[in-house]
Structures are given as structure tokens and as C-alpha cells.
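# Summary of the model geometry
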Number of protein chains: 2
Amino acid sequence: MSVLLSASELKERLLAIGAARYHDKHPFHRRLHEGRCSRGEVAAWALNRYYYQSHIPIKDAALIARMDDAQMRRAWRQRLVDHDGAAPGEGGVAKWLHLAEGVGLKREDVMAHRGVLAGTRFAVDAYVDFVRTKPLLDAVASSLTELFSPAIIQDRVQGMLRHYDFITPETLSYFTARPEQARRDVDYALGYVAEHARTPDRQQAVIAALEFKCDVLWSMLDALHYAYVEPGHIPPGAYVPPSASGET
Amino acid sequence: MSVLLSASELKERLLAIGAARYHDKHPFHRRLHEGRCSRGEVAAWALNRYYYQSHIPIKDAALIARMDDAQMRRAWRQRLVDHDGAAPGEGGVAKWLHLAEGVGLKREDVMAHRGVLAGTRFAVDAYVDFVRTKPLLDAVASSLTELFSPAIIQDRVQGMLRHYDFITPETLSYFTARPEQARRDVDYALGYVAEHARTPDRQQAVIAALEFKCDVLWSMLDALHYAYVEPGHIPPGAYVPPSASGET
């Protein structure tokens, strides 16, 4: 039923998925960037997002563990360096922890994932499991949401600095290096996909992998929006902001 | 830090988890049972719940696959019989399909899980994965939400028959046999837990397993409530009711 796409047709299909399903279209992201979140909502976002961020090097290591080719392992290894750094306190995950502390959370609570939503855990765990168990091409393709991340990062940093007095450029330092890293990562992953998705079935698997990853990010925001925007919806055991009364 | 609980203390702790975290406390369940759901919301509930139901025999088979003891495998095998039946059209999963058709869904869409929420998939898949990978005691303990199911089934059947003119006793025939099956299943699982949770650590693992399973059921309703109760929240790719305008 599917036909073989050219490399540029496949890339267009992937870009169209982002245009329809990437989480910059989610109501919670608009709320966050437009300054409509309470401080408690921003804290809940940071806490839950840290669960995602802290699993990224685990996901990348699971991917590297499946690569037979040393050159590919070396290239992908840079992602571990970016996220885990060279020493404690360095790297992207540490910068996310810094962001979470900057919005008022306790470091040890964040590191222990205390109060993280079940919806966040299940989505992130599904992503790690996908990368562990699906064919390598699908696993690489699931990283392609980085095609869309430089734009959302620009919106987020500008919007958050403008609207929240408790956010400083230093709190958001995680995002400084990310757009360039993401562009480098995505060039590599796109090159791999173009080279290896050579049948209609494999191309459809690439498309499905990117849709799956968009679902992961989207459902994290569904869970967050449901729990923290309307009163009375915080699930048992989840983080309760100091004042859940909705002050901005 | 934990102390060894007696069998009755452990059972009390498990009952307390149900009292605090079982999904009969979720706003969506109250809405469903009190007749406040639109027909589209009931259909979305049935579609998403079918994803759960159809994975129950897969979960049970994964559990049986891990049992060294033939007597235990034989006892647990009854669950496969209950859910898969003896022939096509028989058993609990077929009856759920019947329920889904009874609320206006197309059989083939339901069986293909078309439009199921990502939040549902990730929660159910996390449950199957839990049973596949955690110690056998934890996996058995995660089935103990059946302690609480007879009561919710009674509420649901009475409430849905009273409030929805499109629901008949025949639509809900799945629930007729379930309370008795659940009591039998839970007696077995509780006996196993009492016999094998003999250290404080193992007892805490049993408690954590039941909390995990409550989180699975709860987060499914979070996703459903978020997507279908407030307008404008249906995620990309998810089921859209024929009229999503909220008629009851």
C-alpha cells in the first residue's frame, strides 16, 4: 500500500508530523510561554520534565548498546557527554536540576522523582522501552523530534523570561547550548534514516517512530495540564504545589 | 526502616491503598456513574478501556510464563479462560467488544485500537512490562486491585443503567460474571502474597506494586477526562466522537 518516498519526500513527511503533533501545539505549552502558568504549575512542569531529561542519557546508552558499528557509537556518544557532562554538576541533566531548584523545588525531591505524575513515568518509560526493543532504525528515528526543538526553545526562553519574575537567564541556562547540539544530532540521525529507510515498510516505521515520540511528549503535557491547571485533579501521590490555589 | 507486618496488618495496608488510590475515587468515574457523561465520552471510555481489557490475557500469560510451579500455573490459567473464552465470541474480552459496539463504536476500529489515547497505551504497556520484568511476588501483587472491583462494578452497572438510555443490561453483560471471578482470583493472589511476603522489604514491594497498579488505572482516567471532558483537548490522532460538542 505504501510507496517508496525519495529522501526529500520522506523529510517533508517528517516535518509535517512535527507541524501537526509536536508539543509546541499543546495548550499547556502556550500557557507556559504566554505567562499564564502559576508558579506551582511551572514547578510541576520542571519536576515532571526532569524525569524525562534524566532518562535521556539512559535512553541514549540503550541505543548505543545496540549499535554494531564503532563509528556510530562514537558519534552517538556525544549525546552522553552533553547530558551527563564530565563531572558532577556539569551537563544538561545537572542544568535541568538547577532549573528545577530555580523554580523553588528541593534538589533531593527532584532527583528522587518524588511526586512525578504516573502519566509522565509511563510516557518516558515507554520511550526508553521503545529504544531498547524496536529495530535500530526506528529507535534512531524516534530522536527526530529534535528537528523541532530549536524553535520551541526560542519561544520558551523568550516567553518565560518576559512573563515570570522568578525566572532568570541563569535559571534557563540549560537551553543555551541545546539548539546547536540538537541541530548537530538531528543532522546525524536524518542522515542515518535517509541511508537506512530504503523500503516503503521501513519508511513507514520511521514515520510511526516520530509519531510515537510526539505522542510521548504530548501525553506528558496532557497529564500535567489535567493535574495542575484545573483544581481538584492532582492524582494521589503526586506533587502538590505550596499554594495550589492558582496564583500567577 | 520498615518493620515486618502480620498478615492482617499487611492486608489492612493494602485495603488502605484502595481506599485512597483506587480509580472509583476519580472524577471521571463519578461523572460516568452519575450520568453526566455525553455518549461520546462513554464511547471514548469503552474504546480506551478495551485496550486495557484486551491486554489482560497477555499480562496473565506473561505471568504464567514466569511460574515454575505447575499448580500455580494451573490456578492462574483460569484467568485466561475467563478473558479469552473457549471459542471466538466468548470470554470477557469479547464481551467488552460487545459493550464497545453497544455504545456506537465500530468493531474493527475497537479491535485495531484505532484512536486509543497515548496515555492509555503507555499506562497499559507499563502494566504488562511490570508483570514481565518485576519479581513474581510484585507481579502477583499488582493484580490485587481486584480486591476493590466488585464494589465499583456494582456502582457502575446500577449507575449506567439508570442514567443512559443507550445502555442495556445486555450491553453490560461483561460485568455479570466479574465480581465472583474477581473474588476467587483475589483470594488466590492474597494467599500467595501472605505466604511469600515474609520480609519487610518484600512487603514494601507488595505495597508498591498495588500503588503502581492503582496509578495505571488512575492515569488512564486522567487521560480520558483531560481529552474528552473539556473541549479542545483531544490529542492529535485520538478518537473524535461524532459530536464532540458535549451533549448528554
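Residues numbered from 1 in each chain as written. Chains lettered and ligands numbered in written order. Predicted model: local features only at pLDDT ≥ 70, side-chain atom pairs only at ≥ 80, totals over all residues. Heavy atoms only, no water.

## What to know about the overall build of chain A
Along chain A, the regular secondary structure elements total 11 helices and 0 strands. Listed N to C, the secondary structure of chain A is α-α-α-α-α-α-α-α-α-α-α in terms of helices and strands. Expected size for 248 residues packed as a compact globule is a radius of gyration near 18 Å; at 18 Å, chain A falls within 12% of this value. The principal-axis extents of the C-alpha atoms in chain A amount to approximately 55 × 40 × 35 Å. For chain A, the accessible area works out to roughly 10900 Å², and carbon and sulfur atoms hold 51% of it. On chain A, the mean spot of the 30 positive side-chain charges and the mean spot of the 31 negative ones are 1 Å from each other. (Helix = DSSP H or I, 4+ residues; strand = E, 2+ residues; numbered from the N terminus. Rg over C-alpha atoms; globule rule 2.2 N^0.38 Å. Areas by Shrake-Rupley, 256 points an atom, 1.4 Å probe, with all protein chains shown as cover. Lys, Arg positive; Asp, Glu negative; His and termini not counted. Charge placed at Lys NZ, Arg CZ, Asp CG, Glu CD.)

## With respect to the confidence of the model for chain A
Taken as a whole, chain A shows an average pLDDT of 95; of its residues, 98% reach a score of 70 or greater. The ipTM, which scores confidence in the relative placement of chains, is 0.87 for this predicted complex, and the corresponding pTM is 0.92. (pLDDT = per-residue confidence, 0-100.)

## As for the environment of glycine 85 of chain B
Residue and element names in this part refer to chain B. Mapped onto the elements of the fold, glycine 85 is located in the loop between α4 (70-84) and α5 (92-102). Considering only alpha carbons, one finds glycine 85 and leucine 47, 38 residues apart in sequence, at a separation of 20 Å. When residues no more than four places from it in sequence are discounted, the contact partners of glycine 85 are Leu80, Glu90 and Gly91. (Contact = heavy atoms within 4.5 Å.)

## Quick word on the interface of chain A and chain B
Where the parts come together, the accessible area they lose is often given as the size of the interface. Contacts between the two partners involve 23 residues from chain A and, on the opposite side, 23 residues from chain B. For chain A, the biggest contributors to the area lost against chain B are Phe122, Tyr226 and Pro236 of chain A; these three give 41% of the whole. Where chain A meets chain B, there are 0 salt bridges. For the interface between chain A and chain B, the tally reads 4 residue pairs in polar contact (both at pLDDT 80 or more). Broken down by secondary-structure element, the contributors of at least two residues to the side of chain A that touches chain B are α1 (7-21), α7 (118-133) and α11 (200-228) of chain A. The element best represented in the side of chain A that touches chain B is α11 of chain A, accounting for 8 residues. Per-class residue counts for the side of chain A that touches chain B are 12 nonpolar, 7 polar and 4 charged. (Buried area = accessible area lost by both parts, 1.4 Å probe. Salt bridge = Lys/Arg side-chain N within 4 Å of Asp/Glu carboxyl O. Polar contact = N/O pair within 3.5 Å; in protein donor to acceptor, adjacent residues only side chain to side chain. Nonpolar A, V, L, I, M, F, W, Y, C, P; charged D, E, K, R; others polar.)

## Focus on the environment of serine 143 of chain B
Residues and elements named next belong to chain B. On the secondary structure map, serine 143 appears in the loop between α8 (136-141) and α9 (149-163). Residue serine 143 is classed as buried on the basis of its relative accessible area, which comes to 2%. Remark: the alpha-carbon pair of serine 143 and alanine 20, spanning 123 residues in sequence, is separated by 17 Å. In terms of polar contacts, serine 143 uses its side chain to reach the backbone carbonyl oxygen of valine 140, at 2.7 Å. (Buried < 20%, exposed > 50% of the residue type's maximum accessible area, 1.4 Å probe, protein only.)

## A closer look at the nonpolar core
Core analysis: the biggest nonpolar cluster contains 163 residues, and Val42 and Trp45 of chain A together with Leu14, Val42, Trp45 and Leu144 of chain B have the highest contact counts within it. With sequence-adjacent residues up to four places away left out, leucine 144 of chain B is seen in contact with Leu14, Val186, Ala189, Leu190, Val193 and Leu210 of chain B. (Core = buried A, V, L, I, M, F, W, Y, C linked by side-chain atoms within 4.5 Å.)

## So, the relation of the copies chain A and chain B
Structural alignment of chain A on chain B gives an RMSD of 0.0 Å, achieved by rotating through 180° and translating 0.0 Å along the axis. What the superposition gives is, in effect, a two-fold axis relating one chain to the other. In this assembly, 100% of the residues forming the interface of chain A have copies in chain B that are likewise at the interface, indicating an isologous arrangement. (Least-squares fit on C-alpha atoms with pLDDT ≥ 70 in both.)

## Observations regarding the packing of helix α3 (residues 39-64) of chain A against helix α4 (residues 70-84) of chain A
All names here are of chain A. In contact at an axis separation of 9 Å, α3 and α4 are set at 165° when each is read in the N-to-C sense. In terms of orientation, α3 lies roughly antiparallel with respect to α4. As α3 runs across α4, the sense of the crossing is left-handed. Along the contact surface, α3 presents Gln53, Ile56, Pro57, Lys59, Asp60, Ala61, Leu63 and Ile64, while α4 presents Arg73, Trp76, Arg77, Arg79, Leu80, His83 and Asp84. Its residues assigned to classes, the contact of α3 with α4 shows 7 nonpolar, 2 polar and 6 charged. (Axes fitted to C-alpha atoms, helices over the stretch in contact; angles between N-to-C directions. Parallel < 35°, antiparallel > 145°, perpendicular 65-115°, else oblique. Left-handed = near helix turned anticlockwise from the far one by under 90°.)

## As for the pattern of salt bridges
Taken as a whole and assessed by the stated rule, the structure comprises 28 salt bridges over all chains. Two residues, lysine 59 of chain B and aspartate 60 of chain B, come together in a salt bridge whose shortest N-O distance is 2.7 Å. With its nearest N and O atoms 2.6 Å apart, the salt bridge here joins aspartate 185 of chain B to arginine 184 of chain B. The structure contains a network of salt bridges with shared partners spanning Arg79, Asp82, Glu146, Arg178, Arg184 and Asp185 of chain A.

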